[in-house]
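Secondary and tertiary structure notes
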Amino acid sequence: MGTVIGLTMPVDSPAEGQPGFDELGAATAVVECLFRDLDETFSLYRPDSEASKLARGDLKLPQASAQMRERYAEAHEWRLRTEGAFTPERPDGVLDLSGIVKGHAIREAGTSLLALGRRDWCLNAGGDVLVSGSPHPERTQPWKAGVVGPADRRRRTLITGYPLGGNSRHAAIATSGSAERGEHIWRVGNGGEFVQVTVAAADIVTADVLATAIVAGGTRMLNRAAVGWDVAVMAIRADGSMLATPGFQPS
């Protein structure tokens with residue numbers, strides 16, 4: 001998926017005893033395999049992928065695999081819930097599920113880690129983070145995710161932090177914008193006022209989709225997200241000014 005995946009597990013995790021290198025290696029292998037398989041299906045950078053065949057018209061959606069149709073149905077549901085701020089198609093009509101696939105991959109990887117008996121971990125995929133448990137399980141202390149500002153990506157200076165897992169109600173955080181990958185989000189309505197949006201939520205797909213939808217839809221979508229979902233939001237304008245719900249505090 002063109003991104004770096006990081007998995008962190010505390011050495012004092014109580015699940016099935018203390019994790020050694022073999023256990024960490026097994027967990028890492030499961031995550032790598034899952035991301036690789038999804039990339040082979042959904043990547044538009046692979047000419048032989050199912051997504052590329054759909055984009056070229058070599059394959060029609062009704063004949064696509066069950067997982068492709070399931071992700072399209074999920075993306076379409078989010079289009080309805082965000083009133084079109086999030087969409088599974090490009091402006092030219094080409095199906096592009098990249099806006100939901102990474103979140104889905106992180107979600108599935110988290111499910112796999114729990115199935116392995118791992119209860120305390122932090123999974124970071126290109127800055128989108130899902131956690132379980134705590135870095136210090138005996139204290140139920142939350143993990144802390146840092147957010148880098150869009151104007152200082154090279155120095156990676158943190159502008160805020162947010163607690164995840166442990167005794168926090170949110171387990172996921174995602175950031176969307178143009179700082180890392182340039183303009184790749186299709187703006188709608190008053191969209192274009194935010195260069196970066198970070199959303200914390202109970203699940204990674206909600207965080208990822210709403211971050212993208214707010215970049216695309218602007219303040220109207222930000223207000224809709226803050227009222228309609230149990231989320232925390234921080235949005236940054238091009239001039240550096242910020243809008244944030246109370247959960248985010250400047251560092």
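This is a predicted model, so every value here is computed, not measured.

What follows concerns the environment of Val205. Position of Val205 among the secondary structure elements: in helix 5 (residues 204-228). Judged by its relative accessible area of 1%, Val205 is buried. Sequence spacing of Val205 and Leu130 is 75 residues, and the spatial spacing of their C-alpha atoms is 9.8 Å.

The next point concerns the pattern of salt bridges. Side chains that carry opposite charge are capable of pairing whenever their charged atoms lie near each other. Under the defined criterion, the tally for this structure stands at 11 salt bridges. Residue Asp96 is joined to Arg90 by a salt bridge in which the shortest nitrogen-to-oxygen separation is 3.2 Å. With a relative accessible area of 32%, Arg90 lands in the partly exposed category. Among the ionic contacts, a cluster of salt bridges with common partners joins Glu70, Arg71, Glu74 and Arg107.

Another aspect to go through is unusual backbone geometry. Phi is mostly negative for residues that are not glycine, and the peptide bonds are mostly trans. Located in the positive-phi region is Glu83, a residue other than glycine, with phi close to 55°. Tracing the backbone shows Glu83 in the loop between helix 3 (66-81) and helix 4 (98-115).

Below, the discussion takes up the nonpolar core. In a soluble, globular protein the nonpolar side chains are often hidden away together inside. Within the largest apolar cluster, 66 residues are counted, with the highest numbers of intra-cluster contacts made by Leu97, Ile100, Ile173, Val197, Val199 and Ile214. In terms of residue count, the dominant contributor to this core is helix 5 (12 residues). If we skip the residues at most four places from it in the chain, Ile100 touches Arg71, Glu74, Ala75, Trp78, Phe86, Val205 and Val209.

With 16 residues, helix 3 extends 23 Å from end C-alpha to end C-alpha; this agrees with the ideal 22 Å at 1.5 Å per step. Considered for burial, the residues of helix 3 that qualify are Met68, Arg71, Tyr72, Glu74, Ala75, Trp78 and Arg79. The buried residues of helix 3 occupy an angular sector of 160° when projected down its axis, which confines them to one face. Positive backbone phi, approximately 55°, marks Glu83, located one or two places after helix 3.

One can describe the packing of helix 4 onto helix 5 by two numbers: an axis separation of 8 Å at closest approach and a directional angle of 160°. With respect to helix 5, the element helix 4 is oriented roughly antiparallel. In terms of crossing hand, the pair formed by helix 4 and helix 5 is right-handed. For the pair helix 4 and helix 5, contact is made by Gly99, Ile100, Lys102, Gly103, His104, Ile106 and Arg107 and by Ile204, Val205, Asp208 and Val209, respectively. The residue makeup of the contact of helix 4 with helix 5, split by class, is 5 nonpolar, 3 polar and 3 charged.

Rules of the game
- Residues numbered from 1 in each chain as written.
- Predicted model: local features only at pLDDT ≥ 70, side-chain atom pairs only at ≥ 80, totals over all residues.
- Heavy atoms only, no water.
- Helix = DSSP H or I, 4+ residues; strand = E, 2+ residues; numbered from the N terminus.
- Buried < 20%, exposed > 50% of the residue type's maximum accessible area, 1.4 Å probe, protein only.
- Salt bridge = Lys/Arg side-chain N within 4 Å of Asp/Glu carboxyl O.
- Core = buried A, V, L, I, M, F, W, Y, C linked by side-chain atoms within 4.5 Å.
- Contact = heavy atoms within 4.5 Å.
- Expected span 1.5 Å × (residues − 1).
- Arc of directions from axis to C-beta.
- Axes fitted to C-alpha atoms, helices over the stretch in contact; angles between N-to-C directions.
- Parallel < 35°, antiparallel > 145°, perpendicular 65-115°, else oblique.
- Left-handed = near helix turned anticlockwise from the far one by under 90°.
- Nonpolar A, V, L, I, M, F, W, Y, C, P; charged D, E, K, R; others polar.

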